Amino acid sequence: MSDVNKLVEKLLQELRRGTITIGVLSQLEEPQYGYSLVTLLQEKGVEVEPGTLYPLLRRLEKQGLLESKWDTNESRPRKYYLLSTIGKEVYKLFCIEWKKIFQNMEVLMEGENENGDD
Amino acid sequence: MEMIERYIYAVTKRLPSSQREDIAQELRGLIEDLLEEKIGNNAVTDDAIEEVLTELGSPVELAAKYRGTKRYLISPDLFLPYSQMLKIILFSILIAMITVFAIETIIQPTSVVQNFVAFIGSVINISAQAFAWVTIGFAVAEYFGKVPRELNFQDEKWKPSDLPPIPDPKNQIKRGETLFGIIFYILFAVYILFSNQLFGVPIFKNDELITIIPFLNADAFQGFIVVIYGLIVTGILKESLKLVIGKWTKKLAVYNFLLNGVTLGLIAILLKEQSIWNPNFMQDLAQFSDINATSEAYSVIKDTWERSHFWIVTAFSIGLIVDTVIGFYKAFKK
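Since the model is a prediction, treat every value here as computed from it, not as a measurement. (Residues numbered from 1 in each chain as written. Chains lettered and ligands numbered in written order. Predicted model: local features only at pLDDT ≥ 70, side-chain atom pairs only at ≥ 80, totals over all residues. Heavy atoms only, no water.)

## Details of the packing of helix 3 (residues 50-62) of chain A against helix 4 (residues 59-67) of chain B
Relative orientation of the contacting elements helix 3 of chain A and helix 4 of chain B amounts to 25 degrees, with a least axis distance of 8 Å. With respect to each other, helix 3 of chain A and helix 4 of chain B are oriented roughly parallel. Crossing hand, helix 3 of chain A versus helix 4 of chain B: right-handed. Here Gly-51, Thr-52, Tyr-54, Pro-55, Arg-58 and Arg-59 of chain A of helix 3 of chain A lie close against helix 4 of chain B, whose contacting residues are Leu-62, Lys-65 and Tyr-66 of chain B. (Axes fitted to C-alpha atoms, helices over the stretch in contact; angles between N-to-C directions. Helix = DSSP H or I, 4+ residues; strand = E, 2+ residues; numbered from the N terminus. Parallel < 35°, antiparallel > 145°, perpendicular 65-115°, else oblique. Left-handed = near helix turned anticlockwise from the far one by under 90°. Contact = heavy atoms within 4.5 Å.)

Dropping the structure here:
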């Protein structure tokens, strides 16, 4: 059984890697700094390690999807990230595609269930 | 607190210097946030710091995530030809050195221990050099991304018409042939560079090898060392190109032409002056062998020896021209 669990865990990891990007984009209509984003996602049930999120934020910024700004007014300086104009547009289209994939998958899985019931 | 700085240093030193400052500050903020989350407003303890850093994971992995791409001196794409090349070269060096050692031992059996020590020393020294040069060569190829197109589809948009034809056995280059070529150049290099006194006519007396009369002039030879290196590097480069590309293409034929041109030029420099040849060859031959300096045999040999200089240049030139023409013929043949 542990083999099955291991395989599931591995596949899930691959799946999460793809979804984490859309998860991050979805939360950045308002500016967030890295750790506040970790907790925000956690509250909504999405676990992400800071060690994964921080490099991802930088990469998205480099790609032009996010903008960033240092806030040095608080007790410790924090880098805030926010969707850029392109980022907003990309996120909107990405959502549409995501829903399509989701629907397609549902159709596929329901098909499987029907077969299973026979 | 010092541990935090050490962690940040361990991450950022693996990153491009332009990003270090920014990432360091962001990480510092993150670690402080994580600490606050863990212990609230209590005093920061070393244990808490250690716990937080353990959760963040190894700095090597974190830096790798920041970089995104992996960095290679020699990437997996090139590693296979690299390791093959290394094996061939080290193997042929070993063979060459063993041969030199054997010949020296036959000539002077009394100094076998001394020869053996020298043999081990040379093997280590030459192998290390070969290893370094092969690695540098491949690292340069990696850095400039000069992977032959045959091995690399990633650039530009791929089209089915880019697919290479299934190799025709007729214009395919036999691996064995190129490997033999590389081994030959290395044997040549080792003999000529380190033992050119052994490159000559062996003289036997009573079935015993007593000496070798060298063809080359060891003193003049030093002046030509750069040219010799050039010849060897050109030769190995040529064989390596054949090995990597694997079949006769127009591009390879052109490379072959250019490298043969360089080879011919280097040989011309080398043999233009007669000083490379052993000036005492005939005297030595007369002294060590039974051939009398006044006999007819002597004059025949003397004649042959003097003519051979011209014939060697001619043979090299014809050989290189034929090789170039064959290359083009095979590349354009349907």
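Read on for the rest.
## Description of the pairing of strand 2 (residues 208-214) of chain B
Burial of strand 2 of chain B is extensive: five of the seven residues sit out of reach of the surface. Turn length for the strand 1 (residues 200-205) of chain B-strand 2 of chain B hairpin, with the two strands adjacent in sequence and antiparallel, is two residues, and the turn residue Asn-206 of chain B shows positive phi of about 50 degrees. (Buried < 20%, exposed > 50% of the residue type's maximum accessible area, 1.4 Å probe, protein only. Pairing = 2+ DSSP bridges.)

## Description of helix 9 (residues 225-245) of chain B
Because an α-helix completes one turn every 3.6 residues, residues spaced three or four positions apart along the sequence face the same direction. Helix length check: helix 9 of chain B, at 21 residues, gives a terminal C-alpha distance of 30 Å against a target of 30 Å (1.5 Å per residue), a fit within 8%. Positive backbone phi, at 85 degrees, marks Gly-246 of chain B, one or two positions downstream of helix 9 of chain B. (Expected span 1.5 Å × (residues − 1).)

## Structural notes on the UniProt feature "domain: Transcription regulator PadR N-terminal" (unreviewed entry) in chain A
The UniProt feature table records "domain: Transcription regulator PadR N-terminal" (unreviewed entry) at residues 25-91 of chain A. What you have in residues 25-91 of chain A is 48% helix and 21% strand, and the ends, taken at the C-alpha atoms, are 6 Å apart. (UniProt positions renumbered as here; feature names shortened; annotations may be inferred.)

## Some details on the interface of chain B and chain A
Accessible area lost on assembly of the parts is the figure often given for the size of an interface. Counting residues at the interface gives 17 residues for chain B, matched by 15 residues for chain A. It is Glu-26, Asp-33 and Lys-65 of chain B that lose the most area in chain B upon contact with chain A, and together they represent 35% of the buried surface on that side. Applying the counting rule to chain B against chain A returns seven salt bridges. With its nearest N and O atoms 3.0 Å apart, the salt bridge here joins Arg-58 of chain A to Asp-22 of chain B. At the boundary of chain B and chain A, one finds 12 residue pairs in polar contact (both at pLDDT 80 or more). Listed by contribution, the elements that provide at least two residues to the side of chain B that touches chain A are helix 2 (17-39) and helix 4 of chain B. Counting residues per element, the side of chain B that touches chain A draws most heavily on helix 2 of chain B, at 12 residues. Residue composition of the side of chain B that touches chain A, by class: six nonpolar, four polar and seven charged. (Buried area = accessible area lost by both parts, 1.4 Å probe. Salt bridge = Lys/Arg side-chain N within 4 Å of Asp/Glu carboxyl O. Polar contact = N/O pair within 3.5 Å; in protein donor to acceptor, adjacent residues only side chain to side chain. Nonpolar A, V, L, I, M, F, W, Y, C, P; charged D, E, K, R; others polar.)

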